Amino acid sequence: MTLRSVILGTGSALPRRRVDNAELAKTVDTSDEWIVARTGIRSRYIAGEGETTSSLAIAASKRALEAAGLPATDIDLIILATATPDQTFPASATTVQAGLGINDCVAFDVAAVCSGFLYAVTVADNMLRGGAAKTALVIGSETFSRILDWEDRTTCVLFGDGAGAIVLQAQETDAATGRGIIANRLHADGRHNGLLSVDGGPSTTGTVGKVRMKGQDVFRHAVVNLAQVMQEVLDDAGLSAADVDWVVPHQANARILDATARKLGLDPARVVVTVDRHANTSAASVPLALDVAVRDGRIKTGDLVVLEAMGGGFTWGACALRF
Ligand code: UT7
């Protein structure tokens, strides 16, 4: 037997307003044809009045708790991955905590942009297995629409808003066949942080700033880094690509998903794709896609699932788990 962090429930939430490419093309110099051909994106959800990173996170968390069949008061750790917190401080995780009616637990944000959820899962997994907590809510939530330059067509068409959450609990499981997280790997290489960043911040300009990206450079690094880190977690877990039931990747671009699957020799039918309907929701994309595939019945208890993401920093990571 071995102690593992097991996913007991998943949940997600989207803003009310859905914006398709044609609607965007009315105000931005772009077209549905260009966006679909270069990215696979057809629509995204954009937060409106009263919809914030914490409100989406709370809604996703409630669904995850309901799926897990646990009351919020069972949670003793909340880690929220976000690059778009409600405020510079306090951590939005504490706003989520208060919104869920939890009066005492550990709560903090993790900032690793698009790979934030992988960072948060890895931290939670280590805290759970180390005994610092028993049951965690791990959330990815973003309102990227609020830091987009809506006059920059090279970035504003690519992103959307949303949230996803999982309930993770430390449980004794069978080492060979048991459920739970089997392996995690994280990386960062700050030499590239100018390729995908925000041109502001509290300590530099005193403003929030807008997203800036050198898309082609990010694309090139993404395929290489993602294929490599997925291979690392498979090696750590003693598994091969053929053992994988589902890959739940960060949803940045359908072409990246295809190229990464090809590089690893994975069947593209085993890759969960939601970028067409959600666009790139940064730290929310992996838990959002996971929840979609769990609720539509694709991912089942016992399936071998690999999560992966890469984003600004650069940061990247992967996680192999038995669902
Ligand atoms: O989540 C973090 C990780 N992020 C990523 O992984 C993003 C990685 N990068 C990408 O997904 C792609 O590089 C993009 C989707 C951002 C861009 O696709 P691309 O095939 O690399 O296009 P490009 O940047 O080479 O641009 C090609 C052309 C340019 O025009 P010229 O110079 O060839 O005349 C752009 O100005 O497309 C033009 N263009 C657009 N046209 C219509 C750029 N954005 C748009 C647009 N609509 N929205």
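Residues numbered from 1 in each chain as written. Predicted model: local features only at pLDDT ≥ 70, side-chain atom pairs only at ≥ 80, totals over all residues. Heavy atoms only, no water.

**Remarks on the nonpolar core**
Consideration 1: With 46 residues, the main nonpolar core has V157, V211, M230, V244, L266 and V306 as its most contacted residues.
Consideration 2: Examining the composition of this core, we find that ten residues originate from one element, helix 7 (residues 215-237), more than from any other.
Consideration 3: Beyond its immediate chain neighbours, meaning those up to four positions away, V211 contacts F144, I147, L148, D152, T155, F159, L196, S197 and V198.
Consideration 4: Ranked by size, the runner-up nonpolar core spans 35 residues in total, among them I181, A289, V305 and F323. (Core = buried A, V, L, I, M, F, W, Y, C linked by side-chain atoms within 4.5 Å. Buried < 20%, exposed > 50% of the residue type's maximum accessible area, 1.4 Å probe, protein only. Helix = DSSP H or I, 4+ residues; strand = E, 2+ residues; numbered from the N terminus. Contact = heavy atoms within 4.5 Å.)

**Some remarks on the packing of helix 7 against helix 8 (residues 254-264)**
Consideration 1: In the contact formed by helix 7 and helix 8, the axes pass within 9 Å of each other and the chain directions differ by 40 degrees. Judged on the interaxial angle alone, helix 8 and helix 7 are oblique. Where helix 7 crosses over helix 8, the handedness of that crossing is right-handed. Across the interface between the two elements, F219, A222, V223, V224, L226, A227, M230 and Q231 from helix 7 touch R255, I256, A259, T260, K263 and L264 from helix 8.
Consideration 2: Residues belonging to the contact of helix 7 with helix 8 are distributed by class as follows: ten nonpolar, two polar and two charged. (Axes fitted to C-alpha atoms, helices over the stretch in contact; angles between N-to-C directions. Parallel < 35°, antiparallel > 145°, perpendicular 65-115°, else oblique. Left-handed = near helix turned anticlockwise from the far one by under 90°. Nonpolar A, V, L, I, M, F, W, Y, C, P; charged D, E, K, R; others polar.)

**Quick notes on the pairing of strand 13 (residues 315-322)**
Consideration 1: Among the eight residues of strand 13, eight are classified as buried, and the element is accordingly described as predominantly covered.
Consideration 2: Judged by which residues are buried, strand 13 turns out to be covered on both faces: T315, G317, C319 and L321 on one side and W316, A318, A320 and R322 on the other are all buried.
Consideration 3: Both strand 8 (residues 180-188) and strand 13 contribute to a ladder of eight bridges, which runs antiparallel. The partner of L186 across the bridge, within strand 13, is G317.
Consideration 4: By the bridge criterion, eight bridges tie strand 12 (residues 304-311) to strand 13 in an arrangement that is antiparallel. Counterpart to G311 in the pairing with strand 13 is T315.
Consideration 5: Taken together, strand 12 and the strand that follows it, strand 13, pair antiparallel across an intervening segment of three residues, in which G313 is found at a positive phi of about 140 degrees. (Pairing = 2+ DSSP bridges.)

The quantities given are spatial measurements derived from coordinates; they are silent on function.
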